[in-house]
Amino acid sequence: MKEVKDIYFDENYGKLYEKIEDGKANIFEYEDENGKITNQFLMRRIPEEIDGKNFFDLVTPYGYGGPVIEFSNNKEKLLENYEREFTKYCLENNIVSEFIRFHPIVKNYEDFKDMYNAKYMRKTLVTKLDEEDPVTNQFGKSCRKNIRQALNKGVTYKVTKSPENIGAFKEIYYSTMDRNNATDYYYFEDEYFNDILKYYKENTILIEAIYEGKTIAAGIYFTYKDIIHIHLSGTLNEYLFLSPAYILRYAVTLWGIENGYKLIHHGGGRSNSEEDSLYLFKKNFAKLYDVDFYIGKRIWNQNVYTKLCEMKNIDPNEAFFPAYRKH
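Parameters and conventions
- Just so you know, the residues in each chain are numbered from 1, in the order the chain's sequence is written.
- Under the rules for a predicted model, residues below a pLDDT of 70 receive no local features and side-chain atom pairs below 80 are neither given nor counted, while totals for whole chains, interfaces and linings still include all residues.
- With hydrogens and water excluded, all non-hydrogen atoms of the structure serve as input to the side-chain values.
- For the purposes of this entry, the term helix denotes a DSSP run of H or I that reaches at least four residues, the term strand denotes a run of E that reaches at least two, and both are numbered from the N terminus.
- Only protein chains enter the area calculation, which uses a 1.4 Å probe; residues under 20% of their type maximum are buried, those over 50% are exposed, and those in between are partly exposed.
- Any Lys or Arg side-chain nitrogen found within 4 Å of a carboxyl oxygen on Asp or Glu counts as a salt bridge.
- Pairing between strands is defined by DSSP: at least two bridges between them are needed.

Chemist: Could you give me a rundown of unusual backbone geometry, with the residues and numbers involved?
Modeler: Following F321, the chain continues into P322 via a peptide bond in cis, with omega recorded as -10°. Even without a glycine there, the phi angle at D22 is positive, about 50°. Residue placement: D22 occurs in the loop between α1 (18–21) and β1 (23–32). Here the phi dihedral of K225 falls at roughly 55°; this positive angle occurs in a residue that is not glycine. Looking at where K225 falls in the secondary structure, it is placed in the loop between β9 (214–224) and β10 (227–235). Residue classification places K225 among the partly exposed positions, given a relative accessible area of 49%.

In C-alpha cells:
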C-alpha cells in the first residue's frame, strides 16, 4: 500500500462515507516523469438526467482531503498534465463538478489553488504536543479550572486504544445529536461505526469520562503517524454540569504526549464565524495555534452544469455549490 500523508488520504477512508453521501468512493491517480498526484473522492449520481443520460459530481469524504502531490520533480509540469488528464477523465465519466475540502495541515490547497479556485473559509485549531507543558501553555485559564473542578468532583477517564466495541459511545453520541438538533447527516448508523473498526481499529482511540462508575461522555479519535484527529464525541445531558467534555480533551492531550504524538487537530466550528460556539469551545484547548482551512470548486462540464441549473430554475452563479443541488 502506498505511503499516505494522513488518514484522510488513506485508500479506505472514502468507503466509510459511501452510504452517507450516497456515492461511490474512488481514487484517481496520475503519475508521469514529473511526479505523482492522487485524488480521493466520492462520486455521486445527480438525480436529474439529461437526454436520458446520468451525470455525476465529486465531493471530498467527511473531513478533509482533495488531490495531493505524492512526489514531484517538476511541480508546474505535473500539475499541468494532471489537469489535462483529469479533465479528460471527468468528461469520459460524465462528471460535472467537484467540491473539495482541502487538508489544513497538509496544506494541499497551496498546490491546487489556481486549478480549484481555492477559497479561505476559516481557521481550524491545533494543540502542539511536542512543546513544553501543552496543558498549562495552550489551554485557556477557565478551561484548566473546569478540568480541575471536574477531577475534584470525582470525574475520571479511561483511554482504550483499538477498542473492540464502541456501542456505549454510540448511545452517548446520539443523545448529543438530539440535544443539538443535528441534521440526519450526522446520525451515523451502526454500519458506519462497524466500518471504523473494520478499517481503522488500529487507528482509533476511545476515551471515556467516568463518574460514579458510569460513562457520562465519550469520544472517538483517529491517530495517524504523529497526528491525533478529534473525530466524534458526546456527553449525556444530565451530566453536562460536570463538564466531562473538558476531561475528554485533557485525557487525549496527556495520552498523546505519553505516546509520542506531535499534534492534536481539533477542527473548526460549525460556521465561518470566530464567535461560533463550537469554535470557541475548541479554542479552550488550542489558544496559541491554528491553521487555515480552504475549499475548492471546479466545474468540469460547464454546458451540463448550466443545463442542470436551468432544469432546477437556479442561477448557475449561486454561491451554494454545486448550485443544481440547492434545495
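Having put the structure on the table, let's press on.
Chemist: Explain the pattern of salt bridges to me, using residue names and the numbers behind them.
Modeler: Summed over the entire model, instances satisfying the criterion amount to 18 salt bridges. Between E85 and R84 there is a salt bridge, with its nearest N and O atoms 3.2 Å apart. Notably, a salt bridge pairs K262 with D226, separated by 4.0 Å at the nearest N-O pair. Here K262 is found in the loop between α8 (244–258) and β11 (263–267), whereas its partner D226 is found in the loop between β9 and β10, with 36 residues between them in sequence. Here the residues in one salt-bridge network are E21, R44, D57 and R325, joined through shared partners.

Chemist: Please set out the pairing of β11 residue by residue, giving values where relevant.
Modeler: Of all 5 residues making up β11, 5 are buried, and the element is well covered by its neighbours. Here β11 shows no split at all, with L263, H265 and G267 on one side and I264 and H266 on the other all buried. With 4 bridges connecting them, strand β6 (residues 119–128) and β11 associate as antiparallel partners. Residue pairing across strands places T127 opposite I264, the latter belonging to β11. Taken together, the 3 bridges between β10 and β11 define a ladder with parallel strand orientation. Following the sheet pairing, I228 is matched in β11 by I264.

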